[in-house]
Amino acid sequence: MNILLLVIDMQQEFINENTNHLINKIDKLKEEYKNIIYTKFINSPKSRWVKDLNWNGCLTKESQKLVIDPKNNKIIEKEIYSSLNKELIEYINKNNISKIHICGIDTECCILKTALDLFENDYDVYVLEEYTSSMNGKTKHQNAIEILKRNIGENRVIWKIKK
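Residues numbered from 1 in each chain as written. Predicted model: local features only at pLDDT ≥ 70, side-chain atom pairs only at ≥ 80, totals over all residues. Heavy atoms only, no water.

Trainee: Help me understand the pattern of salt bridges, please; the structure alone is not making it clear to me.
Mentor: It is possible for side chains bearing opposite charge to pair when their charged atoms get close. Tallying each qualifying case throughout the model produces eight salt bridges. With a shortest N-O distance of 2.9 Å, K30 and D27 are connected by a salt bridge. Given a relative accessible area of 32%, D27 falls into the partly exposed group. Between E146 and K149 there is a salt bridge, and its shortest N-O distance comes to 3.9 Å. Separated by three residues within a single helix, E146 and K149 lie in helix α6 (residues 138-152), roughly one turn from each other. Note on E146: relative accessible area 42%, which makes it partly exposed. (Salt bridge = Lys/Arg side-chain N within 4 Å of Asp/Glu carboxyl O. Buried < 20%, exposed > 50% of the residue type's maximum accessible area, 1.4 Å probe, protein only. Helix = DSSP H or I, 4+ residues; strand = E, 2+ residues; numbered from the N terminus.)

Quick look at the structure:
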């Protein structure tokens with residue numbers, strides 16, 4: 001069974017007192033996987049995030065920098081919440097991925113959107129609750145976890161890893 005660990009947006013911009021605990025946890029977790037992809041959110045001055053939300057994060061190389069060494073693993077840059085794109089689909093198909101485990105930041109944004117998109121497109125996806133977090137605190141994280149349990153199934157939001 002080929003399992004993909006999808007590490008979402010573990011970037012300098014998203015590290016604060018609510019998320020910094022994930023750095024060491026995910027760094028240790030990645031040792032258990034052969035297939036790993038990291039995503040990086042890339043913002044631009046003309047984006048909806050800047051224009052409509054007045055959010056200027058991830059505009060610089062420093063703020064976009066991954067806080068976990070990806071080693072030789074694939075990095076997918078994205079300009080949207082979801083990590084499901086052509087590049088990810090090609091990797092999944094080429095590597096015969098049968099299951100996808102999601103971890104990273106932010107549970108209520110990119111984790112939620114990616115998990116829903118993968119589920120809707122018939123991928124066997126699981127959110128690793130212990131390895132996700134929100135910059136905006138535990139309440140936002142827990143609310144997103146409850147939404148995920150309702151929309152992709154309680155059995156797909158897992159605490160302990162089941163390979």
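Trainee: Explanation requested: the sheet that holds strand β5 (residues 125-133) in the structure shown.
Mentor: Strands pair in a sheet through their backbones, by hydrogen bonds, and they do so in one of two ways: parallel or antiparallel. Read across the open sheet, the six strands follow the order β3-β2-β1-β4-β5-β6; overall the sheet is parallel. Strands with a single pairing partner mark the edges of an open sheet, and in this sheet they are β3 (74-78) and β6 (157-158). As paired strands, strand β1 (residues 3-8) and strand β4 (residues 99-105) are joined by six bridges and run parallel to one another. The residue of β4 that forms the bridge with I3 is K99. Sitting on the sheet, helix α5 (residues 107-120) is in contact with β1, β3, β4 and β5, with an inclination near 165° to β4. Those strands touched by α6 are β5 and β6, and its axis lies near 170° from that of β5. (Pairing = 2+ DSSP bridges. Contact = heavy atoms within 4.5 Å. Axes fitted to C-alpha atoms, helices over the stretch in contact; angles between N-to-C directions.)

Trainee: Looking at this structure, I do not really get unusual backbone geometry. What am I missing?
Mentor: Across the chain, the bulk of peptide bonds are trans and the bulk of non-glycine residues have phi less than zero. That bond from I105 to D106 is cis: its omega, -20°, falls within 30 degrees of zero. Along the chain, the position of D106 falls in the loop between β4 and α5. The phi dihedral of N54 is positive, around 55°, even though this residue is not glycine. Even without a glycine there, the phi angle at D122 is positive, about 70°. A relative accessible area of 72% places D122 in the exposed class.

Trainee: Please explain α5 as it appears in this structure.
Mentor: Helical geometry note: an α-helix holds 3.6 residues per turn, so side chains three or four residues apart project in the same direction. What α5 keeps buried is the set T107, E108, C110, I111, L112, T114, A115, D117 and L118. Those residues of α5 that are buried lie in contact with β1, β3, α4 (86-94), β4, β5 and α6. At the C-terminal side of α5, D122 shows a positive phi close to 70°.

Trainee: Hey, could you run me through the environment of E154 in this one?
Mentor: Residue placement: E154 occurs in the loop between α6 and β6. Spatially, the C-alpha atoms of E154 and M1 are 22 Å apart, while their sequence positions differ by 153 residues.

Trainee: What is the right way to look at helix α1 (residues 22-29) in this model?
Mentor: Along α1, the residues classified as buried are L22, I26 and L29. All buried residues of α1 lie within an arc of 55° about the axis, which places them on one face of the element. Set apart from the buried face of α1 by more than 90 degrees, the exposed residues are N24 and K28. In this structure, the buried side of α1 is in contact with β1, β4 and β5. (Arc of directions from axis to C-beta.)

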